[in-house]
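Close look at the chain arrangement
This is what each chain is made of:
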Amino acid sequence: MTILIIIYAVSALLYLYYNFIFLKGLDKEQDISLTSKPFVSVVVAARNEEKRLPYLLTSLINQSYPAAMFEVIVANDSSDDDTAGVVRKFAEKWNNIKLVNVTGRENVRSPKKNALGQAIAAAKGEIILSTDADCITGIHWISSMVASYDDDTAMVAGYSSTDPGKWKKISFIRKFEHVDSHIIFAAAAGALNNAKYFSCSGQNISYRKSAFEAVGGFESIKHILSGDDINLMQLIRRTGKKIRFCMNYHSFVKTRPIDSLGAFLNQRARWASNTSWQIILNPEFFVYLLGTFITNIGLIPMFFVNTWIASAVFTAKLISDFVFFRVSFMKFNIDKEKMVFFPIWFICYPFYVFASAISGMAGLFSWHGRK
């Protein structure tokens, strides 16, 4: 029993320590502002996205970045709908929109990596930008992401948030997803700003094509179902090159919300499925994830083992989470009315961490279970 108490106490201290690291990272200001205009390739993997893809392509053709200095490559991943037709219609009007029809989907473990890999192979850009087919970018997205590079930077991660709708009218799950996604991205930002290369999202990510090629692309991680973003980051991290998080508001991306609890847990389980690979790719990140898992799922049982320690951890965690919650909301200009959701998120968080972690590690998720 004493060993269990020690393990829990150490896990809680790790959780609080990294919360402090993330919080400290949010206060760091970026001083990079690249003035040159390198050629950029925006790559998007799309499967059965004919309804949402037009919104993304419209946002991309209206970029403030010079049209002659970027291309948009959509990898049509064996869609059953008119995804390819949508891209062709845009390509007829804008010559920097290109279509790649993906091959070999049936022979790979990770179709998305396969699709992105084929798009990147066709890319001419010095810098690769990537987002999801159901996202929408601001007009300064390319410009602000590119401006975050210096000569030593190999990758720049960006912020993404759901577009939940009117806060007072939306469902509970939309509110929870919106708040929880923000916390995930804010933690990633704080970590990266403190040179802790932990996490990023394919919803908003960029890297030098040379850095991608230097690590062999997705070849060494092609057997992992997901992780075209976070696992690629870990490969690039090991080259010693810098990875940054773009805090510029203009770089933020919007993505569609999830409308069901099942779809939400499926998505989080898919993300959690990458946890075990971090033992190899980034041991420190794995230690953080393990500490977070133990701290959250062990809190209630600890009250029956040692009330004093449980009470101390609960109080410290409550204060730490609230401070990070409040500061991150201010840093990313999130509406103050959403702050009242903190108690609900705080109470529900341990249960969802347990469910998504167990499901992810057991492989109990599907790739197309978002909606």
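Anything mentioned here points back to the structure above.
Keep in mind it's a predicted model, so treat the numbers as computed, not measured.

On to the sheet that holds strand β10 (residues 253–255), then. Across a sheet, strands are paired by hydrogen bonds formed along the backbone, either parallel or antiparallel in direction. The strand order across the open sheet formed by 3 strands is β5-β10-β7, and the pairing between neighbours is mixed. Each edge of the open sheet is held by one strand with a lone partner, namely β5 (135–137) and β7 (160–162). Each neighbouring strand pair of the sheet contributes to a mean axis angle of 30°, computed without reference to strand direction. Note that β7 and β10 share 3 bridges and pair parallel. Residue S161 lies in a different strand from β10, and its bridge partner there is K254.

What follows covers the sheet that holds strand β6 (residues 153–157). Read across the sheet, 7 strands follow the order β3-β2-β1-β4-β8-β6-β9 without closing on themselves; strand pairing throughout is mixed. Single-partner strands in this sheet number two, and they are β3 (97–101) and β9 (242–245). Taken pair by pair, the neighbouring strands of this sheet meet at an average axis angle of 20°, ignoring direction. The pairing of strand β1 (residues 40–46) with strand β4 (residues 127–130) spans 4 bridges and is classified as parallel. Along β4, the bridge assignment pairs S41 with I128. Across the sheet, helix α6 (residues 172–193) lies against β6 and β9, angled at about 140° from β9, the strand it touches most.

It is at 10 Å that the axes of helix α1 (residues 2–26) and helix α13 (residues 307–331) come closest, and there the two elements cross at 15°. The orientation of α1 relative to α13 falls into the category roughly parallel. Pair α1 / α13 crosses with left-handed handedness. Residue-level contacts link I5, Y8, A12, Y15, L16, N19, F22, L23 and L26 of α1 to I309, V313, A316, K317, S320, D321, V323, F324, V327, S328 and K331 of α13. Taken together, the residues of the contact of α1 with α13 sort by class into 14 nonpolar, 3 polar and 3 charged.

Let's shift gears to the nonpolar core. Nonpolar side chains tend toward joint burial in soluble globular proteins. Core analysis: the biggest nonpolar cluster contains 73 residues, and F22, Y207, I236, F332 and W345 have the highest contact counts within it. The element that contributes the greatest number of residues to this core is α6, accounting for 10 residues. The residues touching W345, leaving out its near neighbours within four places in the chain, are F176, V179, D180, I183, D321 and F325. Grouped together as the second largest cluster of nonpolar side chains are 29 residues, I97, C135, M145 and V156 included.

We now examine the environment of V179. Inspection of the secondary structure assignment puts V179 in helix α6. A sequence separation of 17 residues divides V179 from T162, and the C-alpha atoms of the two residues are 9.0 Å apart. Those residues in contact with V179, other than ones at most four positions away along the chain, are W167, F325, F329, F341 and W345.

Looking now at α13. Structural remark: α-helix, 3.6 residues per turn; residues separated by three or four positions point the same way. Helix length check: α13, at 25 residues, gives a terminal C-alpha distance of 36 Å against a target of 36 Å (1.5 Å per residue), a fit within 8%. Listing the buried residues of α13 in full gives I309, A310, V313, K317, S320, D321, F324, F325, S328 and F329. Buried-residue contacts for α13 involve α1, α6, α11 (283–297), α12 (299–305) and α14 (342–362). Near the N-terminus of α13, the side chain that reaches the backbone nitrogen of W308, with its oxygen 3.2 Å away, is that of N306. At the C-terminal side of α13, N333 shows a positive phi close to 55°.

What follows deals with the packing of aromatic side chains. Here a ring pair, both rings aromatic, is described through the centre-centre distance and the interplanar angle of the planes. This model, assessed by the stated rule, comprises 34 aromatic pairs. An angle of 20° between the planes, with centres 4.5 Å apart, marks the rings of Y159 and F332 as stacked. Placement of the pair is Y159 in the loop between β6 and β7 and F332 in the loop between α13 and α14, with a sequence separation of 173 residues. Residue Y159 is classed as buried on the basis of its relative accessible area, which comes to 2%. Residue F332 is classed as buried on the basis of its relative accessible area of 3%.

One pass over the full model with this rule turns up 0 disulfides. Of all cysteine sulfurs, the one in C135 lies closest to C200, which takes part in no disulfide; the gap is 14 Å.

Rules behind the numbers
Residues numbered from 1 in each chain as written. Predicted model: local features only at pLDDT ≥ 70, side-chain atom pairs only at ≥ 80, totals over all residues. Heavy atoms only, no water. Pairing = 2+ DSSP bridges. Helix = DSSP H or I, 4+ residues; strand = E, 2+ residues; numbered from the N terminus. Axes fitted to C-alpha atoms, helices over the stretch in contact; angles between N-to-C directions. Contact = heavy atoms within 4.5 Å. Parallel < 35°, antiparallel > 145°, perpendicular 65-115°, else oblique. Left-handed = near helix turned anticlockwise from the far one by under 90°. Nonpolar A, V, L, I, M, F, W, Y, C, P; charged D, E, K, R; others polar. Core = buried A, V, L, I, M, F, W, Y, C linked by side-chain atoms within 4.5 Å. Buried < 20%, exposed > 50% of the residue type's maximum accessible area, 1.4 Å probe, protein only. Expected span 1.5 Å × (residues − 1). Polar contact = N/O pair within 3.5 Å; in protein donor to acceptor, adjacent residues only side chain to side chain. Phe/Tyr/Trp six-rings, centres within 6.5 Å; stacked < 30°, edge-to-face > 60°. Disulfide = S-S within 2.5 Å.

Interpretation in functional terms is not warranted from these geometric data alone.
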